[in-house]
Amino acid sequence: MAWEEYSRFFLGLAFVIALMYGLAYVVKKLGLDKKLRGATGVGGRLAVSDVLYLDPKRKLMLVRADAREYVILVSGEQVTVIDKLEGSA
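Position numbers for residues count from 1 along each chain, tracking the sequence in the order it is written. For this predicted model, a pLDDT threshold of at least 70 governs which residues receive local features, and a threshold of 80 or more governs which side-chain atom pairs are given and counted, while totals over whole chains, interfaces and linings are taken from all residues. Based on all heavy atoms of the structure, the side-chain values leave hydrogens and waters out of the count.

A. Broad picture of the packing of aromatic side chains. Two aromatic rings, drawn from Phe, Tyr or Trp (for Trp, its six-membered ring), form a pair once their centres lie within 6.5 Å of each other, and the interplanar angle then sorts them: stacked below 30 degrees, edge-to-face above 60, tilted otherwise. Tallied over the entire structure, the rule returns two aromatic pairs. With a centroid separation of 6.4 Å and 70 degrees between ring planes, the pair formed by tryptophan 3 and tyrosine 6 is classed as edge-to-face. Of this pair, tryptophan 3 and tyrosine 6 both sit in helix H1 (residues 2-30), three residues apart, which is roughly one turn of that helix. Residue classification places tryptophan 3 among the exposed residues on the basis of a relative accessible area of 73%. Arranged with centres 5.2 Å apart and planes meeting at 70 degrees, the rings of phenylalanine 9 and phenylalanine 10 form a pair that is edge-to-face. Secondary structure counts use DSSP, requiring at least four H or I residues in a row for a helix and at least two E residues in a row for a strand, with both numbered from the N terminus. For every residue, the accessible area (1.4 Å probe, protein chains only) is compared with the maximum for its type, and the residue is labelled buried under 20%, exposed over 50%, or partly exposed between those bounds.

Put into structure tokens, the structure is as follows:
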């Protein structure tokens, strides 16, 4: 009797986890995750093109805004613009 209850519990748990993964996949495929985070999407004027992690506290980001690109260093609470580039697009 105990094995039946354990197996039913684990099968139910696996089913619920599979439902969660399936829902996350559908939300990502429909692009709802970006809408929920407040991202503007493909037609937006602001986008992060690339990120390079230097160490756990610092990262370099290439950010596109309209026709310009900016290289930004983010370290903890401090943000520094390293370079401003004219976009090629």
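B. How the structure looks around the sheet that holds strand E4 (residues 78-86). Note on pairing: DSSP must find at least two bridges between two strands before they are called paired. Within the open sheet, the four strands sit side by side as E1-E2-E3-E4. Their pairing is antiparallel. A single partner strand is all that each edge strand has here, and the edge strands are strand E1 (46-55) and E4. Averaged over all neighbouring strand pairs, the angle between strand axes comes to 20 degrees, with direction disregarded. Sheet topology places strand E3 (residues 68-75) next to E4; eight bridges connect them, and they run antiparallel. Looking across to E4, one finds that valine 71 is bridged to aspartate 83. Comment: axis = line fitted to C-alpha atoms, over the contacting stretch for helices; angle = value between 0 and 180 degrees taken between N-to-C directions.

C. Highlighting H1. To estimate the expected span of a helix, subtract one from its residue number and multiply by 1.5 Å. For H1, which comprises 29 residues, the first-to-last C-alpha distance of 42 Å matches the rise-based estimate of 42 Å (1.5 Å per residue) to within 8%. Little of H1 sits out of view: just zero of its 29 residues are buried. Of the residues flanking the end of H1, it is glycine 31, one or two places downstream, whose phi is positive at about 80 degrees.

D. Fine view of unusual backbone geometry. Residue aspartate 66 is not a glycine yet carries a positive backbone phi of 55 degrees. Among the secondary structure elements, aspartate 66 is positioned in the loop between strand E2 (58-65) and E3.

E. Seen up close, the pattern of salt bridges. Basic side-chain nitrogens of Lys or Arg form a salt bridge, by our definition, when they fall within 4 Å of a carboxyl oxygen of Asp or Glu. For the coordinates displayed, the defined rule picks out one salt bridge. Among the salt bridges present, the one from aspartate 55 reaches arginine 58, with a minimum N-O distance of 3.0 Å. On the accessibility criterion, aspartate 55 (30% relative accessible area) is partly exposed. Since its relative accessible area comes to 38%, arginine 58 is described here as partly exposed.

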